[in-house]
Amino acid sequence: MNVRLTESQKIKVLNSDDLYSIMRQVLLRENKIDRNKEHFWLVCLANNYQILMIELISLGSVNATIVEPMDVFSFALQKRAVRLIMVHNHPSGELTPSGMDVMLTDKMRAIGKFINVPVVDHLIISEKSYCSFADTGLMEQLEEENRFDLTFAQQDRLRAQAAQAQYNTQVEMAKRMLADGLPVDMIVKYTDLPASEVERLREK
């Protein structure tokens, strides 16, 4: 659901304080019952950091909300956003990111990097304050750890690692079969190694 903004709210987001001032107003517009539920908003920014739109992606329970990457990035691509900021509230007022918050941010960061629409921050807000992943160094940490690297180079590395692991297994099997005195043709049949490779192993 698109969040209606006044012209004065369509600001350039130069820091997390700028965005929190807007998002707090958005949260306080909700009735008391809905403010006690977790909301997940997507803030789409232009190249000059101007707010293009704010979309309510999900409205959950008092302690959780479900967010799918397709929902997040479909809106971003439709609006031709250059960068994104994710925002969600903790009705309890506790602003420390949960493990699920960190995992979600990491996945969205990786997808955004892959499609060239970077997620530059994630704010956890309450009615009184907020926590910024960028300000606390969490975004930088996730970038360095790069646990969800979706680049083609990473995929090539993973395929190479898998191929090497398979080869190592074949070699170990061939060595055990050679130690048991099995003929080369049988070892080739069961390991898929070339006969020349088996001969090389036997000569060692």
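Residues numbered from 1 in each chain as written. Predicted model: local features only at pLDDT ≥ 70, side-chain atom pairs only at ≥ 80, totals over all residues. Heavy atoms only, no water.

(A) Quick look at the pairing of strand E2 (residues 51–59). Across the 9 residues that make up E2, a large majority, 7, are buried. Inspection of the sheet shows strand E1 (residues 39–45) paired to E2 by 7 bridges, in the antiparallel sense. Each residue of the ladder has a partner; that of valine 43, found in E2, is isoleucine 54. Hairpin connection between E1 and E2: a loop of 5 residues separates the two successive antiparallel strands, and tyrosine 49 in this loop has a positive phi of roughly 70°. (Buried < 20%, exposed > 50% of the residue type's maximum accessible area, 1.4 Å probe, protein only. Helix = DSSP H or I, 4+ residues; strand = E, 2+ residues; numbered from the N terminus. Pairing = 2+ DSSP bridges.)

(B) Structural view of a nonpolar patch on the surface. A cluster of nonpolar side chains, namely Met173, Leu182, Met186 and Tyr190, defines an oily patch on the protein surface of about 340 Å² accessible area. As for its placement among the helices and strands, methionine 173 is situated in helix H6 (residues 152–179). (Patch = residues over 30% accessible without salt bridge, like charges linked within 9 Å, V, L, I, M, F, W, Y side chains within 5 Å. Areas by Shrake-Rupley, 256 points an atom, 1.4 Å probe, with all protein chains shown as cover. Salt bridge = Lys/Arg side-chain N within 4 Å of Asp/Glu carboxyl O.)

(C) Highlighting the pairing of strand E3 (residues 83–89). A large share of E3 lies buried, amounting to 7 of its 7 residues. With 6 bridges joining them, E1 and E3 adopt antiparallel strand pairing. When the sheet's bridge partners are listed, tryptophan 41 is paired in E3 with valine 87. Where E3 lies against strand E4 (residues 119–125), 6 bridges are found, and the strand directions are parallel.

(D) Structural context of the nonpolar core. Ranked by size, the top nonpolar core spans 24 residues in total, and within it Phe40, Leu42, Val67, Val72, Leu84, Met108 and Val119 carry the most contacts. Every element with two or more residues in this core is listed here: E1, E2, helix H3 (69–78), E3, helix H4 (99–114), E4 and helix H5 (138–145). Excluding anything up to four places from it in sequence, leucine 42 contacts Met53, Ile54, Glu55, Ile57, Val72, Phe75, Ala76, Leu84, Ile85 and Met86. With 18 residues, the next largest nonpolar core counts Tyr20, Ile22, Trp41 and Ile125 among its residues. (Core = buried A, V, L, I, M, F, W, Y, C linked by side-chain atoms within 4.5 Å. Contact = heavy atoms within 4.5 Å.)

(E) Quick peek at the packing of aromatic side chains. In this structure the tally under the stated criterion is 1 aromatic pair. Seen from their ring centres, tyrosine 20 and tyrosine 130 are 4.9 Å apart, and the 25° between their planes marks the pair as stacked. Linking tyrosine 20 in helix H1 (residues 16–29) with tyrosine 130 in strand E5 (residues 130–132), this pair joins segments that are 110 residues apart in sequence. A relative accessible area of 10% means that tyrosine 20 is categorised as buried. When its relative accessible area of 18% is taken as the criterion, tyrosine 130 is described as buried. Between the NZ or CZ atom of arginine 83 and the centre of the ring of tyrosine 49, over which it lies, the distance is 4.2 Å. (Phe/Tyr/Trp six-rings, centres within 6.5 Å; stacked < 30°, edge-to-face > 60°. Lys NZ or Arg CZ within 6 Å of the ring centre and 35° of its normal.)

(F) Region of interest: the pattern of salt bridges. On inspection of all chains with the given rule, the structure shows 9 salt bridges. Notably, a salt bridge pairs arginine 202 with glutamate 199, separated by 2.6 Å at the nearest N-O pair. Taken together, the positions of arginine 202 and glutamate 199, both in helix H8 (residues 195–203) and 3 residues apart, correspond to about one turn of that helix. Relative accessible area serves as the criterion here: at 27%, glutamate 199 is assigned to the partly exposed category.

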